[in-house]
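Coordinate analysis (summary)
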Amino acid sequence: MPDTHPTLHSIVRRLWPNDGPAVESYFLRLDPETRANRFMGALSDAAAVTYARNAMNAEGLMFGSFVDGTLRGLGELRPASAPPPGFVLGTEAEAAFAVEKAFRRNGLGQALFRRIAAAARNRGVRDLHVRCLAWNRPMRGLASKVGASLRITGGEADGALHLARPTPASLWQEGVTEAVDFTLALTAA
């Protein structure tokens, strides 16, 4: 499959429990290099399926980039530490994501990152962190594009993005977007 998709029809939306099978299939489709970059080490198929099942129930949120109805990119927004009571994330959170190799360089990763950053901002996160292997050029490039400051130490790169406080408009926009996301998820089921 080529690296460019001139007629790419994609949508980024929040993932819901009924998306579990799509998440499992996505992790199983990742080539070994992409999977190792995403998990910062090799991961077997069995471990990938176990991770996918647990991820759907973990603290935080998940977002997917669908191309023609198939999940091709996945992003996770997780609290950096135990969130305070009543909060989903806390003031610091971590983002992790990957896009299937054949679907890169089409804006899917950037759209996922923006969606994750907006969700984090609207949930009170002030600092969004991204970690990747130092040689993971696509992730480092993406982090730089969205304004994250990167620091390379040893074999890892750490990125941090300071987020603005939510506004009434940003909260309203996310509420509308999540309602649409939920409707799309139900339609896909």
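Criteria and cut-off values
Residues numbered from 1 in each chain as written. Predicted model: local features only at pLDDT ≥ 70, side-chain atom pairs only at ≥ 80, totals over all residues. Heavy atoms only, no water. Helix = DSSP H or I, 4+ residues; strand = E, 2+ residues; numbered from the N terminus. Rg over C-alpha atoms; globule rule 2.2 N^0.38 Å. Buried < 20%, exposed > 50% of the residue type's maximum accessible area, 1.4 Å probe, protein only. Contact = heavy atoms within 4.5 Å. Areas by Shrake-Rupley, 256 points an atom, 1.4 Å probe, with all protein chains shown as cover. Lys, Arg positive; Asp, Glu negative; His and termini not counted. Charge placed at Lys NZ, Arg CZ, Asp CG, Glu CD. Polar contact = N/O pair within 3.5 Å; in protein donor to acceptor, adjacent residues only side chain to side chain. Axes fitted to C-alpha atoms, helices over the stretch in contact; angles between N-to-C directions. Parallel < 35°, antiparallel > 145°, perpendicular 65-115°, else oblique. Left-handed = near helix turned anticlockwise from the far one by under 90°. Nonpolar A, V, L, I, M, F, W, Y, C, P; charged D, E, K, R; others polar. Arc of directions from axis to C-beta. Patch = residues over 30% accessible without salt bridge, like charges linked within 9 Å, V, L, I, M, F, W, Y side chains within 5 Å. Salt bridge = Lys/Arg side-chain N within 4 Å of Asp/Glu carboxyl O.

Things to note about the overall build of the protein chain
Counting secondary structure elements, the protein chain contains 6 helices and 7 strands. The linear arrangement of helices and strands in the protein chain, starting from the amino end, is β-α-α-α-β-β-β-α-β-α-β-β-α. The C-alpha atoms of the protein chain give 16 Å as radius of gyration, which agrees with the globular expectation for 189 residues (16 Å, within 12%). In terms of its C-alpha atoms, the protein chain occupies a principal-axis envelope of roughly 45 × 45 × 35 Å. Looking at the 189 residues of the protein chain, the share that counts as buried comes to 43%. A sequence separation of at least 24 residues applies to 66% of the contacts in the protein chain between residues at least 6 apart. Split by element, the accessible area of the protein chain, about 9800 Å² in all, is 57% carbon and sulfur. Each charge class in the protein chain can be summarised by its mean position, and for the 22 positive and 18 negative side chains these summaries are 4 Å apart.

Overview of the side chain of Arg13
Note that Arg13 resides in strand E1 (residues 10–14). Judged by its relative accessible area of 3%, Arg13 is buried. Engagement of the side chain of Arg13 in a polar contact is seen with the side chain of Asp19, the distance being 2.8 Å. If we skip the residues at most four places from it in the chain, Arg13 touches Asp19, Met62, Phe63, Gly64, Phe66, Arg115, Asp181, Leu184, Ala185 and Ala188.

Digging into the packing of helix H1 (residues 20–29) against helix H3 (residues 45–55)
Where H1 contacts H3, the axes come no closer than 9 Å and their chain directions differ by 150 degrees. By the angle class used here, H1 and H3 are roughly antiparallel. When the axes of H1 and H3 are compared, the crossing they make is right-handed. Note on element contacts: H3 touches H1 through Asp45, Ala48, Val49, Tyr51, Ala52 and Arg53, opposite Val23, Glu24, Phe27 and Leu28. Within the contact of H1 with H3, the residues separate by chemical class into 7 nonpolar, no polar and 3 charged.

Quick notes on the environment of Met139
Along the chain, the position of Met139 falls in helix H5 (residues 137–145). Each C-alpha atom, one on Met139 and one on Phe97, is 8.7 Å from the other, the two residues being 42 residues apart in sequence. Once you skip the residues sitting within four places of it in the chain, Met139 turns out to touch Phe97, Phe113, Val130 and Cys132.

Regarding H3
If you check which residues of H3 are buried, you get Ala48, Val49, Ala52 and Ala55. What you see down the axis of H3 is that its buried residues fit within an arc of 130 degrees, all on one side. Those residues of H3 that are exposed and angled more than 90 degrees off the buried face are Ala46 and Asn54. Lining the buried residues of H3 we find H1, helix H2 (32–39), strand E2 (61–67) and strand E3 (70–79).

Some thoughts on a nonpolar patch on the surface
A surface patch of nonpolar side chains, about 450 Å² in accessible area, is lined by Ile11, Trp172, Val176, Val180 and Leu184. By the secondary structure assignment, Leu184 is in helix H6 (residues 168–188). Leu184 gets classed as partly exposed once you look at its relative accessible area, which sits at 31%.

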